[in-house]
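# Survey of secondary and tertiary structure
If you want the building blocks of each chain, they are given just below.
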Amino acid sequence: MNIFVTGAAGFIGSAFVRHALAADAGCSVVSFDLLTYAGNIENLAGLDPRRHFFIKGDICDRTAVNEALPDDCDAVFNFAAESHVDRSILSADDFVRTNVLGTQVLLDAAREKKVRRFVQISTDEVMGSLPENSGESFTEASSLRPNSPYAASKAAAELFVRAARQTHGIDTVVTRCGNNYGPRQFPEKLVPLMIANALNDQPLPVYGDGLNVRDWIYVDDHCSGVWAAFEKGRNGAVYNFGSRCEMTNLEVVRSILDLLGKPYSLIKFVDDRPGHDRRYAIDPSLVERELGWKASVSWDDGLKKTVQWYDENKPWIDGVRTGEYRSFYKAVYGMDLAK
Ligand code: NAD
Ligand code: DAU
């Protein structure tokens, strides 16, 4: 089996490549990634060169995509994206380009090369925000109500995937997941940012009152869900993946400080994110029933593994908290990153 994985040098894409190689011994992977600030070739280190090939390229570049996509390809997994909400608030241009145009370019190439299945990695954020303490959850029937430019670009991508199936008969599956955490996540996102700052005894910037709720899932559980959707999903289906792990941001940050033995006084409340979604919660009953998938990593175990990975990989963190990231940090938080 041959698969094509875009965004493979990012956080989830790289975990997925490892998952796919382990899940199917006959699987060969072409990893395709532009290596933006979020892509890191080190995330793919140590893979078997007989089964894994890396190609640097842009999913918006038709020629590069057509050249890289194998002729006998069983699936395209589109993880490539601009993925950070705060960056989409500063400027949405790259989000429209990569997340929308890039998805369409991949769909066109998949059609031309008769790829067996197109798997679009989407997000629960396309469904907007849920009322606090309502007990309500997102289901596959929830409407698209994106609130950030990032979420709007991902919702638009989903619609192009739908249109490609309806119009051109491409076999497609869309997966939507909640907040992932785990090793190798770029430290602009909540969990790795708080771990990296705590390790350096720097302030932990919490937006607003810290009571926004996210539904957390360990990255390997997300990857097994995407694989299950590829293997067993219905053509045209949308699947929501979650691990029933709702937590406020303050609870998340305090668990990180507890694990590292650092004081809560490091928490610094800062201005809220514009348009900040209050609550996400996913009802995973459809995938549990239809795909036989279930999350297997608890928050306590997943966070322990994550904190340990960052603690043991300080050169990885130092290597990415440089250059452009420092200007971004200053622009969002109004303060310098000390280290
Ligand atoms: P990430 O930012 O860590 O990685 C994105 C990768 O895409 C990077 O390696 C980057 O170099 C690559 N990329 C960006 N633009 C590209 C382009 N034009 N051409 C080729 N490659 C390009 O993101 P992530 O957190 O790993 O997210 C992966 C996917 O999963 C995204 O589609 C995201 O929307 C989705 N998702 C993420 C989460 C989460 O919590 N992180 C949750 C649900 C869904
Ligand atoms: O829900 C899935 C989505 O989760 C993915 O589609 C996105 O790619 C991913 O970035 C993530 O989006 P969020 O905006 O929820 O994640 P982030 O880690 O940026 O923020 C999580 C929560 O923490 C959110 O309520 C904002 C808050 N936050 C975040 C940062 C970076 C803070 O309070 N302080 C911070 O410095």
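Here the structure is a predicted model, which means the values were calculated and not measured.

## Here we look at the site of ligand 2
- As a structural note, the neighbourhood of ligand 2 is formed by 26 residues, with Asp124, Glu125, Tyr150, Arg273 and Tyr333 the closest of them.
- Between ligand 2 and the protein, one listed contact pairs an oxygen atom with a side-chain N or O atom of Thr123 at 2.7 Å.
- In this structure, Tyr150 approaches ligand 2 through a side-chain N or O atom, which is 2.6 Å from an oxygen atom.
- Within the residue set of the shell around ligand 2, elements represented by two or more residues are α3 (85–90), α6 (190–199) and β8 (204–207).
- In terms of residue class, the shell around ligand 2 is made up of 11 nonpolar, eight polar and seven charged.

## Quick word on the pattern of salt bridges
- Enumeration according to the criterion identifies 20 salt bridges in this entry.
- The salt bridge involving Glu246 is made with Arg279; its shortest N-O contact spans 2.8 Å. Pair noted here: Glu246 is in strand β11 (residues 246–248) and Arg279 is in the loop between β12 (267–270) and α9 (285–290), with a separation of 33 residues, a long-range link.
- In this structure, Lys314 and Asp311 form a salt bridge, with 3.2 Å as the shortest nitrogen-oxygen distance.
- By sharing partners, the salt bridges in this structure join Arg87, Glu188, Lys189 and Glu324 into a single network.

## Thoughts on the sheet that holds β11
- Sheet architecture is open: three strands sit in the order β7-β9-β11, paired in mixed fashion. Every interior strand has two partners, whereas the edge strands, β7 (179–181) and β11, have only one. Strand-to-strand twist in this sheet, taken as the mean axis angle between neighbours without regard to direction, amounts to 50 degrees.
- As judged from the three bridges shared by β7 and strand β9 (residues 213–218), these two strands associate in the parallel manner. Bridge assignment links Asn179 to a residue of β9, and that residue is Trp216.
- Along the sheet face, helix α8 (residues 249–260) touches β9 and β11 and points at about 85 degrees away from the line of β11.

## Here we look at unusual backbone geometry
- A positive phi angle is found at Lys114, which is not glycine, with a value near 55 degrees.
- As for its placement among the helices and strands, Lys114 is situated in the loop between α4 (93–112) and β5 (117–123).
- At Asp201, a residue that is not glycine, the phi angle is positive and equals roughly 50 degrees.
- On the secondary structure map, Asp201 appears in the loop between α6 and β8.
- Relative accessible area serves as the criterion here: at 49%, Asp201 is assigned to the partly exposed category.

## Concerning the site of ligand 1
- Near ligand 1, the surroundings consist of 28 residues, among which Ile12, Asp33, Ser83, Tyr150 and Lys154 are the closest.
- Between ligand 1 and the protein, one listed contact pairs an oxygen atom with a backbone N or O atom of Ile12 at 2.8 Å.
- For ligand 1, an oxygen atom lies 3.0 Å from a polar atom in the backbone of Thr36.
- Within the complex, 97% of the 830 Å² of free accessible area of ligand 1 lies under protein.
- At the level of secondary structure, the elements contributing two or more residues to the shell around ligand 1 comprise α1 (11–23), β5, α5 (149–168) and β7.
- Among the elements that take part in the shell around ligand 1, β5 stands out by supplying three residues, more than any other.
- Looking at the shell around ligand 1 residue by residue, the class counts come to 13 nonpolar, 12 polar and three charged.

## Overview of the nonpolar core
- By size, the foremost hydrophobic cluster in this structure holds 40 residues, and its most contacted members are Val191, Ile195, Trp216, Ile256 and Trp299.
- At the level of secondary structure, the elements contributing two or more residues to this core comprise α6, β8, β9, α8, β12, α10 (299–312), α11 (314–320) and α12 (324–333).
- It is α6 that provides the largest number of residues to this core, a total of seven residues.
- Aside from chain neighbours lying at most four places away, what touches Val191 is Tyr181, Trp216, Val252, Ile256, Trp299, Leu303 and Thr306.
- Counting 25 residues, the second largest nonpolar core, distinct from the first, contains Phe11, Cys27, Phe79 and Val119.

## Some thoughts on the sheet that holds strand β1 (residues 2–6)
- Read across the open sheet, the seven strands follow the order β3-β2-β1-β4-β5-β6-β10; overall the sheet is parallel. Edge strands, defined here as strands with exactly one partner in the open sheet, are β3 (52–56) and β10 (238–241). When the angles between neighbouring strand axes are averaged without regard to direction, this sheet yields 20 degrees.
- Pairing between β5 and strand β6 (residues 172–177): six bridges, direction parallel. In the sheet register, Ser122 faces β6, and the bridge partner there is Arg176.
- On the sheet, α4 packs against β1, β4 (75–78) and β5 and is oriented at approximately 165 degrees with respect to β5.

## Here's the deal with α4
- Compared with an ideal rise of 1.5 Å per residue, which puts 20 residues at 28 Å, α4 spans 28 Å between its outermost C-alpha atoms and is within 8% of the ideal.
- At Gly102, α4 shows its maximal bend, which comes to roughly 30 degrees.
- Those residues of α4 that fall on the buried side of the exposure criterion are Phe95, Thr98, Asn99, Val100, Gly102, Thr103, Val105, Leu106, Leu107, Asp108, Ala109 and Ala110.
- Looking at the buried positions of α4, the neighbouring elements they touch are β1, α2 (62–68), β4, α3, β5 and α5.

The rules behind the values
Residues numbered from 1 in each chain as written. Chains lettered and ligands numbered in written order. Predicted model: local features only at pLDDT ≥ 70, side-chain atom pairs only at ≥ 80, totals over all residues. Heavy atoms only, no water. Near = heavy atom within 4 Å. Polar contact = N/O pair within 3.5 Å; in protein donor to acceptor, adjacent residues only side chain to side chain. Helix = DSSP H or I, 4+ residues; strand = E, 2+ residues; numbered from the N terminus. Nonpolar A, V, L, I, M, F, W, Y, C, P; charged D, E, K, R; others polar. Salt bridge = Lys/Arg side-chain N within 4 Å of Asp/Glu carboxyl O. Pairing = 2+ DSSP bridges. Axes fitted to C-alpha atoms, helices over the stretch in contact; angles between N-to-C directions. Contact = heavy atoms within 4.5 Å. Buried < 20%, exposed > 50% of the residue type's maximum accessible area, 1.4 Å probe, protein only. Areas by Shrake-Rupley, 256 points an atom, 1.4 Å probe, with all protein chains shown as cover. Core = buried A, V, L, I, M, F, W, Y, C linked by side-chain atoms within 4.5 Å. Expected span 1.5 Å × (residues − 1). Bend = angle between axes of the 7 residues up to and from the residue.

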